[in-house]
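The lines below spell out each chain.
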Amino acid sequence: MLPWSIFPRPVAGTDAEPEPSEPSGRQLSDEALVEELLTTVASARSFQEFRRSQRKECFGLLRWLQLVLPLIQEIRETAPSLTDDAYRRLALLGRAFQAARRLLRCCHDGSKIFLALESEAVLARFQAVYENMNLALDGMPYSEIGISDEVKEQIELINAQLKRCKKRSDTQDMELSMDFMMIIQNKEDGKADRAILERLAKKLELQSLADLRAETMAIKKLINERNGQQQESTKNIIVLLNKFKEIAGIDEKNILGDVSIPKYLEKCPSLMIPNDFLCPISLEIMTDPVIIASGRTYERRSIQKWLDAGQRTCPKTRQPLAHLSLAPNFALKNLILQWCEKNKLEIQMGESEPAAEQEERKEDIPSLVKDLSSVHLDVQRKAAKKIRTLSKENPENRALILENGGLPAIISLVSYPDKKIQENTVTALLNLSIDETNKVLIAKGGAIPLIIEVLKNGSVEGQENSAAALFSLSMIDENKAAIGILGGIAPLVGLLRDGTIRGKKDAATAIFNLILNHPNKLRAMEAGIVAALMKILSDKKLDMVDEALSIFLLLASHPNCRNDVGTTSFVEILVQIIKEGTPKNKECALSVLLELGLNNNSLMVHALGFGLHEHLSDIAKTGTSRAQRKANSLIQLSCKCS
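These numbers were taken from a predicted model, which means no experiment stands behind them.

When helices and strands are counted, the protein shows 34 helices and three strands. Among the 642 residues that make up the protein, the fraction classed as buried is 53%. Sequence-distant contacts, at least 24 apart, represent 73% of the contacts inside the protein between residues at least 6 apart. Counting only carbon and sulfur atoms, one obtains 51% of the accessible surface of the protein, whose full area is about 29,000 Å².

So, in structure tokens, the structure goes:
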């Protein structure tokens, strides 16, 4: 499990999202509470410079703190006796201010690598601050605390804006996210890795000796603060830092000092909260852990807010989610309960459904599973549709479906000669294939060849969801090989060529993932992938140029596929894209052309004859960082070919 959260684990309760109705405790006097609010805001406003990746959000947060300040100042001047409700809301506002101060400090002097790597998780923390501010101000008893009409109107306006602000979802820097993913996953192309690293170093401002020294100290500080938690993330960050030092030509041992994994990271102290128990978004012990389509686990409330904000990627891996269903992680929940009991830590686990509803559902699912084997077609249809709905809309039922023998019953119906039953059962398998355990069980249950058959001959929706199911199952390496061996590549290529827009996109995603397995590259070539991709490139309305070129790049890296990919007509298309495409299109086209040209000089000669050189010179000066690198490499190659 890869932990991505950049913040040290907060003291319990400091970053929670309490409701205004919770008991206040009155730990401070009224005057001390107000003074603490003012002090916290003043401390937060002392930070004026921030890391580039969070600079915009930090200045926005500072503006919100400045706007709320008149409310606190007026309360200090009037010095009213605070009611329980007013005290409770101000205490909640104080916790939001404290969280804001921690965020601003982290974005001021924290590790640039961490902040950029986990930018979406950091954004979620900003949004949590806005939500707590909104909760505190929404319903503030102004008449009880003697606030003037002018300040009241200003705060009510601010609160209305905060409601909109907390729902906003900024677009992440996809190039940055993909670059990090490429490096962390250890791609084989060393030259591409160096180009990516150079682009990352420039974006993160980690090129000079002074910047790298400061980053080294920030990472050492973070390691100490983590105190043994989030080991895999820490190792990834250290690897990235050392790579940045390497491409900068710096002898880290003599100049910057080494950053290595401390021995105490090897084992967690017995009283340390295991990192797997913490939600990567909220950084608190999970009370209702759920699994999303990427196989990662989050606190239900936190990931639901992420999805409700319009996000469609996994916060940890950044990979697109095949579906948005949530499955309860009962095993992890039990482990958390056992650990809390052993360490005498009391936490309120997620609210359970009323006992009557739970019993009703438990009784319903065995009946539905039984109906899947009914001799009556209508009964089977209704059961398959209900199972599909339950597995999507009521995530807790997935475990019950498996417990009651639903998986083999569902698999047995996938091959049934009824399009709707096929469609519903394939989609149910898609919903069940959320975590890695289910991916393995579905494959071992013999579902893959049946899903492939629906992909070939099912309804339109059945084909689309079959492609999505194969993509989900292919997250497991052994399933990648199995899907290829069992004949899944050819129908995916067919869907890419002839499917709906959604079908083409699902197929492209699945194919890209599957041909990371080398034998599947050859299978894709035999299935006519080149012609299908050429058709994609010619259809401008699809807007799938980058997807097609990314698949071409993987194919061109295989010696036995390269000759079929590297035709003169394809090279002319690449040159045309380099001339007229978007910046990202140009990057992808340059990458493919470089891969082909390094292994076939005649293709470079043909590209030059088609007018490539003048465009290379222009991109080398004005293109993106990666495009410049590729263009310069192609210019050097062209000199050898001329």
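Here the narrative resumes.
Below, the discussion takes up the packing of helix H30 (residues 568-580) against helix H31 (residues 583-597). Where H30 meets H31, the closest approach of the two axes is 8 Å, and the angle between their N-to-C directions is 145 degrees. Considering the relative orientation of H30 and H31, their crossing is left-handed. In this structure, H30 contributes Phe570, Val571, Leu574, Ile577, Ile578 and Lys579 to the contact, and H31 contributes Asn585, Lys586, Ala589, Leu590, Val592, Leu593 and Leu596.

Now for a negative patch on the surface. Judged by side-chain charge, Asp149, Glu150, Glu153 and Glu156 come together as a negatively charged surface patch. Along the polypeptide, Glu156 turns up in helix H7 (residues 149-167).

Moving on to the pattern of salt bridges. Within the structure shown, the criterion is met by 16 salt bridges. Ionic pairing is found between Glu35 and Arg76, a salt bridge with its closest N-O pair at 3.7 Å. Residue Glu35 is located in helix H1 (residues 30-45), and its partner Arg76 is located in helix H2 (residues 55-78); the two are separated by 41 residues in the primary sequence. As a salt-bridge pair, Asp378 and Arg381 come within 3.9 Å of each other at their nearest N and O atoms. Remark: Arg381 and Asp378 occur in helix H16 (residues 377-393); sequence separation between them is three residues, near one turn of the helix. Salt bridges sharing common partners tie together Arg388, Lys420, Glu423 and Glu461.

Before going further, it helps to spend a moment on the confidence of the model for the protein. Per-residue confidence for the protein gives a mean pLDDT of 79; residues scoring 70 or more make up 82%. Ignoring residues within four places in sequence, the model shows residues 187-192, a span with pLDDT below 50, making seven contacts including any to other chains.

Strand order in this open sheet of three strands is S2-S1-S3, and the pairing throughout is antiparallel. One side of each edge strand has no neighbouring strand; the edge strands of this open sheet are strand S2 (297-299) and strand S3 (327-328). Looking at chain direction, strand S1 (residues 289-291) and S2 are connected through three bridges and run antiparallel. Bridge pairing in S2 places Val290 opposite Tyr298. Here helix H13 (residues 300-308) sits on the sheet in contact with S1, S2 and S3, set at roughly 95 degrees to S2.

A separate point is the environment of Ile536. Looking at where Ile536 falls in the secondary structure, it is placed in helix H27 (residues 529-538). In this structure the C-alpha to C-alpha distance between Ile536 and Lys504, which are 32 residues apart in sequence, comes to 8.9 Å. Residues contacting Ile536, with those up to four places away along its chain left out, are Leu496, Lys504, Leu542, Met544 and Ala548.

Right, let's talk about unusual backbone geometry for a bit. One non-glycine residue, Ala79, lies in the positive phi region at around 45 degrees. Summarising the element assignment, Ala79 is placed in the loop between H2 and helix H3 (84-109). You will see that Glu205, though not glycine, has its phi angle at about 60 degrees, which is positive. The topology assignment puts Glu205 in the loop between helix H9 (190-204) and helix H10 (209-226). The class for Glu205 is partly exposed, based on a relative accessible area of 34%.

Our focus in this paragraph is the nonpolar core. Ranked by size, the top nonpolar core spans 91 residues in total, and within it Leu429, Leu492, Leu496, Ile529, Leu549 and Leu593 carry the most contacts. Looking at which element gives the most residues to this core, the answer is helix H28 (residues 545-556), with eight residues. Ignoring anything within four residues of it in the chain, the contact list for Leu593 reads Val571, Leu574, Ile578, Met604, Ala607, Leu612 and Leu634. Counting 50 residues, the second largest nonpolar core, distinct from the first, contains Ala44, Leu62, Leu103 and Leu104.

Glancing now at the side chain of Asp288. Secondary-structure assignment places Asp288 in the loop between helix H12 (252-255) and S1. We classify Asp288 as buried; its relative accessible area is 16%. Looking at Asp288, its side chain comes within polar contact range of the side chain of Arg300, at 2.7 Å.

Attention now moves to H1. The first and last C-alpha atoms of H1 sit 23 Å apart over 16 residues, in line with the 22 Å expected at 1.5 Å per residue. Along H1, the positions that sit buried rather than exposed are Asp30, Leu33, Val34, Leu37, Leu38, Thr40, Val41 and Ala44. The buried residues of H1 occupy an angular sector of 160 degrees when the element is viewed end-on, so they sit on one face. Packing partners of the buried residues in H1 comprise H2 and H3.

Following the sequence through the fold, Asn479 ends up in helix H23 (residues 477-485). Note on Asn479: relative accessible area 2%, which makes it buried. In contact with Asn479, other than residues within four places in its own chain, are Lys439, Ala443, Ile448, Leu473 and Ser474.

A few words now on the packing of aromatic side chains. Enumeration over the complete set of coordinates arrives at three aromatic pairs. Ring geometry for Phe50 against Phe59: centres 5.5 Å apart, planes inclined by 85 degrees, an arrangement best described as edge-to-face. Accessibility expressed as a relative area gives 39% for Phe59, which makes it partly exposed. For the ring pair Phe552 and Phe570, a centre distance of 4.3 Å and an interplane angle of 35 degrees mean the geometry is tilted.

Cut-offs and rules
Residues numbered from 1 in each chain as written. Predicted model: local features only at pLDDT ≥ 70, side-chain atom pairs only at ≥ 80, totals over all residues. Heavy atoms only, no water. Helix = DSSP H or I, 4+ residues; strand = E, 2+ residues; numbered from the N terminus. Buried < 20%, exposed > 50% of the residue type's maximum accessible area, 1.4 Å probe, protein only. Contact = heavy atoms within 4.5 Å. Areas by Shrake-Rupley, 256 points an atom, 1.4 Å probe, with all protein chains shown as cover. Axes fitted to C-alpha atoms, helices over the stretch in contact; angles between N-to-C directions. Left-handed = near helix turned anticlockwise from the far one by under 90°. Patch = residues over 30% accessible without salt bridge, like charges linked within 9 Å, V, L, I, M, F, W, Y side chains within 5 Å. Salt bridge = Lys/Arg side-chain N within 4 Å of Asp/Glu carboxyl O. Lys, Arg positive; Asp, Glu negative; His and termini not counted. Charge placed at Lys NZ, Arg CZ, Asp CG, Glu CD. pLDDT = per-residue confidence, 0-100. Pairing = 2+ DSSP bridges. Core = buried A, V, L, I, M, F, W, Y, C linked by side-chain atoms within 4.5 Å. Polar contact = N/O pair within 3.5 Å; in protein donor to acceptor, adjacent residues only side chain to side chain. Expected span 1.5 Å × (residues − 1). Arc of directions from axis to C-beta. Phe/Tyr/Trp six-rings, centres within 6.5 Å; stacked < 30°, edge-to-face > 60°.

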